[in-house]
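Topology and contacts: notes
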Amino acid sequence: MKRARIKFAGREVEFVDRDVAVGQLGELAERGTWVVHIIYGPEGCGKTALLMQARAILEDRGYHVVYVNPLAREVGEMLQYSSPLKRAVKEAFKLFPEPYSRIVDVAINIVGEAMRRLRRPRLAVLMDDIFQAIGTDRAEQYVKALLNLIEWPPADYDKIIVLVASSEGVTRERVGRHRWATIRIMWNMARDGFQQLYEQLPGPKPPPEEAWRLTGGNPEMLEGLFRAEWNMDVVVDGIVGERGVAALAKRWSNVLWRVVEDPDHLWDWYPDTEPLIRGLVQANLIVEVWDRKPHLWVDVPPPERDVELGIGRYYAWQTPLHREAVRRALR
Ligand SMILES: Nc1ncnc2c1ncn2[C@@H]1O[C@H](COP(=O)(O)OP(=O)(O)O)[C@@H](O)[C@H]1O
Ligand SMILES: [Mg+2]
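Now for a quick tour of the structure. (Residues numbered from 1 in each chain as written. Chains lettered and ligands numbered in written order. Predicted model: local features only at pLDDT ≥ 70, side-chain atom pairs only at ≥ 80, totals over all residues. Heavy atoms only, no water.)

Right, let's talk about the overall build of the protein for a bit. Looking only at helices and strands, the protein features 17 helices and eleven strands. Taking 20 Å as the expected radius of gyration for a compact globule of 331 residues, we find that the protein reaches 20 Å, a close match to that expectation. Expressed along its principal axes, the backbone C-alpha trace of the protein runs to roughly 60 × 45 × 40 Å. In the protein, which comprises 331 residues, the proportion classed as buried is 56%. When the accessible area of the protein is evaluated, it comes to approximately 15000 Å², of which 49% is carbon and sulfur surface. On the protein, the mean spot of the 46 positive side-chain charges and the mean spot of the 47 negative ones are 5 Å from each other. (Helix = DSSP H or I, 4+ residues; strand = E, 2+ residues; numbered from the N terminus. Rg over C-alpha atoms; globule rule 2.2 N^0.38 Å. Buried < 20%, exposed > 50% of the residue type's maximum accessible area, 1.4 Å probe, protein only. Areas by Shrake-Rupley, 256 points an atom, 1.4 Å probe, with all protein chains shown as cover. Lys, Arg positive; Asp, Glu negative; His and termini not counted. Charge placed at Lys NZ, Arg CZ, Asp CG, Glu CD.)

Take the pattern of salt bridges next. According to the stated counting rule, one finds 24 salt bridges in the structure shown. Salt-bridge contacts for Arg328 lead to Glu324; the nearest nitrogen and oxygen are separated by 3.0 Å. Here Arg328 pairs with Glu324, and both are found in helix H17 (residues 320-330), just four residues apart, close to one helical turn. Taking the relative accessible area as the measure of exposure, Glu324 reaches 12% and is therefore buried. Among the ionic contacts, a cluster of salt bridges with common partners joins Glu91, Lys94, Glu113, Arg116 and Arg117. (Salt bridge = Lys/Arg side-chain N within 4 Å of Asp/Glu carboxyl O.)

Ranked by internal contacts, the top residues of the largest apolar core, which has 79 residues, are Leu222, Leu256, Leu280, Leu285 and Trp317. Top contributing element to this core by residue count: helix H2 (residues 47-60), with seven residues. Viewed by domain, this core spans two of them, domain 1 (5-186) and domain 2 (207-330), each represented by three or more residues. Once you skip the residues sitting within four places of it in the chain, Leu285 turns out to touch Ile239, Arg243, Val245, Leu248, Leu280, Ala316, Trp317, Gln318, His322 and Val326. Counting 41 residues, the second largest nonpolar core, distinct from the first, contains Leu79, Val89, Met115 and Ile130. (Core = buried A, V, L, I, M, F, W, Y, C linked by side-chain atoms within 4.5 Å. Domains from an automatic or database assignment. Contact = heavy atoms within 4.5 Å.)

Taken together, the seven strands give an open sheet; going across it, the order is S5-S4-S6-S7-S3-S8-S10, and neighbouring strands pair in mixed fashion. With partners counted over all chains shown, the strands left at the sheet margins are strand S5 (79-81) and strand S10 (297-298), one partner each. Pairing between strand S4 (residues 63-68) and strand S6 (residues 122-128): six bridges, direction parallel. Across the sheet, the residue bridging to Val66 is Val125, located in S6. Here helix H5 (residues 103-117) sits on the sheet in contact with S4, S5, S6 and strand S7 (159-166), set at roughly 175° to S6. (Pairing = 2+ DSSP bridges. Axes fitted to C-alpha atoms, helices over the stretch in contact; angles between N-to-C directions.)

Further remarks concern the packing of aromatic side chains. Taken as a whole and judged by the stated rule, the model has five aromatic pairs. The interplanar angle of 75° and the centroid separation of 6.4 Å between the aromatic rings of Phe226 and Trp230 together place this pair among those described as edge-to-face. Across this residue pair, the class does not change: Phe226 and Trp230 are buried. Through pairs of rings, three or more aromatic residues link up here, namely Trp267, Tyr270 and Tyr314. The cationic tip of Lys205 hangs over the ring face of Tyr198; the distance from NZ or CZ to the ring centre is 4.4 Å. (Phe/Tyr/Trp six-rings, centres within 6.5 Å; stacked < 30°, edge-to-face > 60°. Lys NZ or Arg CZ within 6 Å of the ring centre and 35° of its normal.)

One turn of an α-helix holds 3.6 residues; hence residues three or four places apart share an orientation. Relative to the 22 Å expected for 16 residues at 1.5 Å per residue, helix H7 (residues 136-151) spans 22 Å between its end C-alpha atoms, a close match to the ideal helical length. Buried positions along H7 lie against strand S3 (36-40), H5, S6, helix H6 (130-134), S7 and helix H8 (171-175). (Expected span 1.5 Å × (residues − 1).)

Let's shift gears to the site of ligand 1. Taken together, 21 residues surround ligand 1, and among them Lys7, Gly44, Lys47, Thr48 and Ala49 come closest. Between ligand 1 and the protein, one listed contact pairs an oxygen atom with a backbone N or O atom of Gly46 at 3.0 Å. Within the contact set of ligand 1, an oxygen atom lies 2.8 Å away from a side-chain nitrogen or oxygen of Thr48. Isolated, ligand 1 exposes 550 Å² of accessible area, and the fraction of that covered by the protein chains is 90%. For the shell around ligand 1, the elements supplying multiple residues, two or more each, are strand S1 (5-8), strand S2 (11-14), H2 and helix H11 (219-227). Taken together, the residues of the shell around ligand 1 sort by class into eleven nonpolar, three polar and seven charged. The residues that make up the shell around ligand 1 include at least three from each of domain 1 (5-186) and domain 2 (207-330). (Near = heavy atom within 4 Å. Polar contact = N/O pair within 3.5 Å; in protein donor to acceptor, adjacent residues only side chain to side chain. Nonpolar A, V, L, I, M, F, W, Y, C, P; charged D, E, K, R; others polar.)

With that settled, consider the side chain of Asp299. Mapped onto the elements, Asp299 comes out in the loop between S10 and strand S11 (315-317). Setting aside residues no more than four positions away along its own chain, Asp299 makes contact with Arg18, Asp19, Val20, Ala21 and Gln24.

Printed below as a string of structure tokens:
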């Protein structure tokens, strides 16, 4: 199988591991998606990388792929597409005076245009971080627009796949309840895959067990630690600063002290903890992980329980560094 080339810690690497997810993508390619598939998971767990790999797999199966990421740092990375879509892209661009500020609309138009131009095409739309970029209210509209394209296409198509990646905690409550979308959760990397990424980093570096213990397998945290020359404080301070951790810590200090030890205390004291759970989910600090049934997950679910990594049966810290950020705010 072709492995996508992706950027990691300032170098180009081959997409590693995630074999189960790769198999799932192969199955999707056979069937197409009848609804919009949303991939929700911790920030930095590897959703964008997976979409890059999805592109490679799907092109291999004869799909034409449009990828958009409104939050990409460079304009060139906001829109990527398979070359047979060039004409459709050109036409769609004509409709918008400032296409890059409306890139999600542009992508939807590209797909419509491609349906009209190509004979029974296989099309895939990969939307990265659109919820964060345009807000969940409008995201719902866009997902519906995508579904319309599936259900009422302007011309006949062979198969269509729509994948939307999101790390916004509100995703599940906002779009999870609709019939037009299914949500699957993606977790951080498993130990082996993580090790393969770790090995690509030049030394000096801490032993792999320590990198694992700190990041819980989150590749972006690994990258962050590497960039900070393995100074954990730099990474943790970044998390504390970002998301209202201090306010949560002040309001909930009694409970949070225990949740830092074991996230399942959120469940023990439910429903009193409900507003705290919501705050932690929305701040992208924890994820609800009740159900480990494989079909609810992209790739493999986290272990049943690993208290050292902050993973409980019901709730999990996104990474040990997120938990550490809260611990520091409590002090
Ligand atoms: N399976 C993988 N193989 C190689 N690099 C990966 C893999 N998963 C993630 N990465 C790298 O780790 C970093 C964080 O992953 P990313 O896909 O950006 O996370 P997310 O989109 O979930 O926030 C990126 O540099 C990405 O290229
Ligand atoms: Mg991403």
